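# Structure assessment
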Amino acid sequence: MIVCGLDIATETGVCLGEPGQTPEFFSRDLGQGKTHDLRFSNVMRLAHELIQDRGVKFIGIEAPILTRKDTKAKVELLHGLIANVRGWAHLRGIECRTFEVATLDKNFLGAAQRAGRDARKLAIWRQCQARGWTPKTQDEADAGSVWDMACVTQCRSYAIHSTPLFNRRHTKISRKQG
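An account of the accompanying structure is given in this report. Small disclaimer: the values here were computed from a predicted structure and weren't measured.

Turning our eyes to something else, we now look at the packing of helix α3 (residues 101-109) against helix α4 (residues 117-130). Contact geometry for α3 and α4: axes closest at 11 Å, N-to-C directions at 40°. α3 and α4 meet at a crossing whose hand is left-handed. Along its contact with α3, which presents Val101, Asp105, Phe108 and Leu109, the element α4 presents Arg120, Ala123, Ile124, Gln127 and Cys128. Of the residues contributing to the contact of α3 with α4, the split by class is six nonpolar, one polar and two charged.

Printed below as a string of structure tokens:
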């Protein structure tokens, strides 16, 4: 089963592959400085490519991180990009799920990050490297954390071996018993 993780924005990070295998990374520019409609169209093309050409059977998406300072246009764009991927996936019978950042961090890093955006991104980058993965951009690394969470939800044996939080608990239990 091919699983995909997306960090959706104008520059969208993509991570895909079989659970337990080394994933593939790439990014897609959806149209910097272009209209929302063009970006929506481009993200639908990406969803089509992933499902039709790459055989993706499950898509995980990082939920947007929005602040009070974000413009109405940015909020509309991010929600619209996600809605277009989810809609396209639904039309093709592909399950699609959005994951909150705190959930992604707990799964991929072992704990939610409170040190700020830059520290969080650095921790994700380092975790990708520690796993032997080779994202070229931070967007791709972020997509890797989404892919990992998507694999956990789709493949129980992957979850047992990959989740830092589980492994930490397992180690403590083993030490108490030994």
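Turning next to the pattern of salt bridges. If you walk through the whole model with that rule in mind, you get ten salt bridges. Here Asp148 ties to Arg131 by a salt bridge, and the two come within 2.7 Å at their closest N and O atoms. In this pair, Asp148 sits in helix α5 (residues 138-154) while Arg131 sits in the loop between α4 and α5, placing the two residues 17 residues apart along the sequence. Overall, the relative accessible area of 24% leaves Arg131 in the partly exposed class. Shared partners join several salt bridges into a network, and the residues in it are Glu24, Arg28, Glu49 and Arg54.

Turning our eyes to something else, we now look at the nonpolar core. Within the largest apolar cluster, 24 residues are counted, with the highest numbers of intra-cluster contacts made by Cys4, Leu6, Val14, Leu50, Ile59, Ile61 and Val85. Non-local contacts of Leu6, meaning those with residues more than four positions away in its chain, are made with Thr12, Gly13, Val14, Leu50, Ile59, Gly60, Ile61, Glu62, Val85, Ala143 and Val146. Counting 20 residues, the second-largest nonpolar core is a separate cluster that includes Phe25, Leu109, Val146 and Val152.

This part covers the packing of aromatic side chains. One pass over the structure, following the stated rule, counts three aromatic pairs. Where Phe25 meets Trp133, the ring centres are 6.1 Å apart and the plane angle is 50°; that geometry is what we call tilted. Taken together, the residues Phe25 in strand β3 (residues 24-29) and Trp133 in the loop between α4 and α5 connect sequence positions 108 residues apart. Of the two residues, Phe25 and Trp133, neither departs from the other in class, the shared state being buried.

Further remarks concern the environment of Arg45. Inspection of the secondary structure puts Arg45 in helix α1 (residues 36-53). One polar contact links Arg45 to Asn42, side chain to side chain, over a distance of 3.0 Å.

Bringing the sheet that holds strand β5 (residues 95-99) into the picture now. The strand order across the open sheet built from five strands is β3-β2-β1-β4-β5, with neighbouring strands paired in mixed fashion. Strands at the two margins of the open sheet, each flanked by one partner only, are β3 and β5. Neighbour to neighbour, the strand axes of the sheet diverge by 20° on average, direction disregarded. Relative to β3, strand β2 (residues 11-17) runs antiparallel, the two sharing six bridges. Counted as the bridge partner of Val14 is Phe26 from β3. The sheet contacts of helix α2 (residues 72-91) involve β1 (2-7), β4 (56-62) and β5, and relative to β4 the element is tilted by about 160°.

Rules and cut-offs
- Residues numbered from 1 in each chain as written.
- Predicted model: local features only at pLDDT ≥ 70, side-chain atom pairs only at ≥ 80, totals over all residues.
- Heavy atoms only, no water.
- Axes fitted to C-alpha atoms, helices over the stretch in contact; angles between N-to-C directions.
- Helix = DSSP H or I, 4+ residues; strand = E, 2+ residues; numbered from the N terminus.
- Left-handed = near helix turned anticlockwise from the far one by under 90°.
- Contact = heavy atoms within 4.5 Å.
- Nonpolar A, V, L, I, M, F, W, Y, C, P; charged D, E, K, R; others polar.
- Salt bridge = Lys/Arg side-chain N within 4 Å of Asp/Glu carboxyl O.
- Buried < 20%, exposed > 50% of the residue type's maximum accessible area, 1.4 Å probe, protein only.
- Core = buried A, V, L, I, M, F, W, Y, C linked by side-chain atoms within 4.5 Å.
- Phe/Tyr/Trp six-rings, centres within 6.5 Å; stacked < 30°, edge-to-face > 60°.
- Polar contact = N/O pair within 3.5 Å; in protein donor to acceptor, adjacent residues only side chain to side chain.
- Pairing = 2+ DSSP bridges.

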